[in-house]
Amino acid sequence: MELEVGLVSFTPGGGNKEVRGRRVGPPHSSRLARAHAKSAYNKNSQPPFHPSIHKALFLRFLTSPPTLPDSSATTSPHQTPKVRNSMANGVTLESVRQSLIRQEDTIIFSLIERARFPSNSPTYNESYVSTPTFSGSLVHFVVKETEALQAKAGRYANPEEHPFFPDNLPPSVVPPYNFTEILHPPAASININKDIWDMYFKKLLQLFAAPGDDGNYASTAASDLVCLQALSRRIHYGKLVAEVKFRESPKEYEPAIRAKDRDALMKLLTFASVEEAVKKRVAKKAMVFGQEVTLNNDDNKGKYKVDPTVVSRLYGDWIMPLTKLVQVEYLLRRLD
Ligand SMILES: C=C(O[C@@H]1C=C(C(=O)O)C=C[C@H]1O)C(=O)O
């Protein structure tokens, strides 16, 4: 399968194929606070429930307090907290990897929750929703409406978060939090949620949702949203991974960036042994988190709520390749 991601055709699990002559977003503005991104979306080539346009809108890529704690930040919700210094905060490849490891738990639990429901196909069928004001599937409706609410609550003021339906999001009603700017500003133009959406609905879902229909369509859509958000956060974390790798050895990356050599960048940022460990660890977590806990544990040996091999495959074929694609896209803009 081939996905079109930003500037390249992307084959999950394989290499990037073709460099195209178009930008993901509008030309980079020196005013980061105005950074917007749009990527074209071809409705005909996508599932019926996806939006027609993507726009990543965020001000700066930030470290969020749970993953990069900082004792110097003020915590009053009514004050703008102090700007934090990224490298002084100890953002290293190791700390970023620890965050990715923690995010595995979130992803696996979200898959387990989605697997409670069968496939529930009406959730994805445009004809199931009947309202003159909205055209799309129930899952499209739930994601779009929830994102609008969460935007008001300030979710997308944190650049670790990327909306699936960024157009016309309402403004936040909460005061801004001054996160540290860690990423190079053009990072704001990278949002591959369109591809995450397609991957999830066209490939992943059928691997862990059993066939069937139990009528719980709203809950099913809500579970899909949680999975999508966890996947999106993890995959876009590639921006931070790439920044840290670049800062650790800029001289290694600069020639490949200047030459716009995607393959060389991909080689530089790839750590095969780390990827093998990730695949093994997520399979193990799926076994541990997804086992039926009974007083007599032997009753359920080998029964898991999501198949550990599927989780491992999901990481090997989709999550890690997409994270690396985000890294390449980020590095290509790193010297702009
Ligand atoms: C995220 C990293 O970059 C690459 C992508 C990985 C991933 O998505 O888990 C793992 C190893 C690297 O090949 C990393 O080095 O940790």
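Residues numbered from 1 in each chain as written. Predicted model: local features only at pLDDT ≥ 70, side-chain atom pairs only at ≥ 80, totals over all residues. Heavy atoms only, no water.

Within an unreviewed UniProt entry, the label attached to the protein reads chorismate mutase, and the organism entered is Quercus lobata. Per its UniProt entry, the protein bears the Catalytic activity (unreviewed entry) comment "chorismate = prephenate". UniProt, in the comment section headed Pathway (unreviewed entry), describes the protein in these words: "Metabolic intermediate biosynthesis; prephenate biosynthesis; prephenate from chorismate: step 1/1." (UniProt positions renumbered as here; feature names shortened; annotations may be inferred.)

Colleague: Help me understand the overall build of the protein in this model?
Modeller: Scanning the protein from terminus to terminus reveals nine helices and five strands. Contacts in the protein between residues far apart in sequence, at least 24 positions, make up 73% of those at least 6 positions apart. Accessible surface for the protein amounts to roughly 15700 Å². Of this, 54% is attributable to carbon and sulfur atoms. (Helix = DSSP H or I, 4+ residues; strand = E, 2+ residues; numbered from the N terminus. Contact = heavy atoms within 4.5 Å. Areas by Shrake-Rupley, 256 points an atom, 1.4 Å probe, with all protein chains shown as cover.)

Colleague: Explain the packing of aromatic side chains here, please?
Modeller: The geometry of two aromatic rings is summed up by the distance between their centres and the angle between their planes. Evaluated as defined, the whole model comprises 10 aromatic pairs. Measuring from ring centre to ring centre gives 5.9 Å for Phe 164 and Trp 197, while their planes differ by 50°; the resulting arrangement is tilted. Pair noted here: Phe 164 is in the loop between α2 (138-152) and α3 (193-208) and Trp 197 is in helix α3, with a separation of 33 residues, a long-range link. Across this residue pair, the class does not change: Phe 164 and Trp 197 are buried. Centroid distance Tyr 200 to Phe 201: 4.9 Å. Interplanar angle 85°. Geometry classified as edge-to-face. (Phe/Tyr/Trp six-rings, centres within 6.5 Å; stacked < 30°, edge-to-face > 60°. Buried < 20%, exposed > 50% of the residue type's maximum accessible area, 1.4 Å probe, protein only.)

Colleague: Even after reading the chapter, I still don't get the confidence of the model for the protein, so can you show me in this structure?
Modeller: In regions of low pLDDT, the predicted coordinates are not meant to be interpreted in detail. Averaged over all residues, the pLDDT of the protein is 79; the fraction at 70 or higher stands at 72%. The low-confidence segment residues 1-88 (pLDDT under 50) makes 220 contacts with residues lying over four places distant or belonging to another chain. (pLDDT = per-residue confidence, 0-100.)

Colleague: Explain a nonpolar patch on the surface here, please?
Modeller: Residues Met 287, Val 288 and Tyr 304 make up a contiguous nonpolar surface patch of roughly 250 Å² in combined accessible area. Among the secondary structure elements, Tyr 304 is positioned in the loop between α8 (272-289) and α9 (308-332). Take Tyr 304: its relative accessible area is 34%, and that puts it in the partly exposed class. (Patch = residues over 30% accessible without salt bridge, like charges linked within 9 Å, V, L, I, M, F, W, Y side chains within 5 Å. Salt bridge = Lys/Arg side-chain N within 4 Å of Asp/Glu carboxyl O.)

Colleague: How should α2 be read in this particular structure?
Modeller: Along an α-helix, residues three or four apart share an orientation, since each turn contains 3.6 residues. Relative to the 21 Å expected for 15 residues at 1.5 Å per residue, α2 spans 21 Å between its end C-alpha atoms, a close match to the ideal helical length. Listing the buried residues of α2 in full gives Leu 138, Val 139, His 140, Val 142, Val 143, Glu 147 and Ala 151. Buried residues belonging to α2 abut α3 and α4 (217-236). Taken from the residues just after α2, Gly 154 is the one with a positive phi, measuring 95°. (Expected span 1.5 Å × (residues − 1).)

Colleague: What's the story with α8 in this structure? I'm lost.
Modeller: The terminal C-alpha atoms of α8 lie 26 Å apart, and with 18 residues this matches the ideal 26 Å at 1.5 Å per residue to within 8%. Buried residues of α8: Glu 275, Val 278, Val 282, Ala 283, Lys 285 and Ala 286, and no others. Burial along α8 is one-sided: seen end-on, the buried residues are contained in an arc of 160°. Along α8, exposed side chains directed more than 90 degrees from the buried face belong to Ser 273, Lys 280 and Lys 284. On its buried side, α8 packs onto α1 (93-114), α4 and α9. (Arc of directions from axis to C-beta.)

Colleague: What exactly am I supposed to notice about the site of the ligand here?
Modeller: Near the ligand, the surroundings consist of 14 residues, among which Arg 97, Arg 234, Lys 245, Phe 271 and Glu 275 are the closest. Note that an oxygen atom of the ligand is positioned 2.7 Å from one of the side-chain N or O atoms of Lys 245. Phe 271 is positioned with one of its backbone polar atoms (N or O) 2.8 Å from an oxygen atom of the ligand. With the chains in place, 99% of the 350 Å² that the ligand exposes on its own is no longer accessible. Judged by the fraction of its atoms near the pocket grid, the ligand is located in the second largest pocket. (Near = heavy atom within 4 Å. Polar contact = N/O pair within 3.5 Å; in protein donor to acceptor, adjacent residues only side chain to side chain. 1 Å grid on protein atoms, 1.4 Å probe; cavity = no way out; pocket = protein on both sides within 12 Å on 5 of 7 lines; lining within 4 Å. Sits in = over half its atoms within 2 Å of the grid points.)

Colleague: Mind showing me how you'd approach the packing of α4 against helix α5 (residues 238-248) here?
Modeller: Each pair of packed helices gets described by two things: the angle between the helix axes and the distance between those axes. α5 packs onto α4 with a crossing angle of 15° between their chain directions and a minimal axis gap of 4 Å. As far as their axial angle goes, α5 and α4 are roughly parallel. Contacts from Arg 234, Ile 235 and His 236 of α4 reach α5 at Gly 238, Lys 239 and Leu 240. Within the contact of α4 with α5, the residues separate by chemical class into two nonpolar, two polar and two charged. (Axes fitted to C-alpha atoms, helices over the stretch in contact; angles between N-to-C directions. Parallel < 35°, antiparallel > 145°, perpendicular 65-115°, else oblique. Nonpolar A, V, L, I, M, F, W, Y, C, P; charged D, E, K, R; others polar.)

Colleague: Can you walk me through unusual backbone geometry in this structure?
Modeller: You will see that Asn 168, though not glycine, has its phi angle at about 60°, which is positive. Its location among the elements puts Asn 168 in the loop between α2 and α3. Accessibility expressed as a relative area gives 75% for Asn 168, which makes it exposed. The residue Lys 260 is not glycine, and still its phi comes out positive at about 50°. For Lys 260, the location among the structural elements is in the loop between α6 (250-258) and α7 (262-269).

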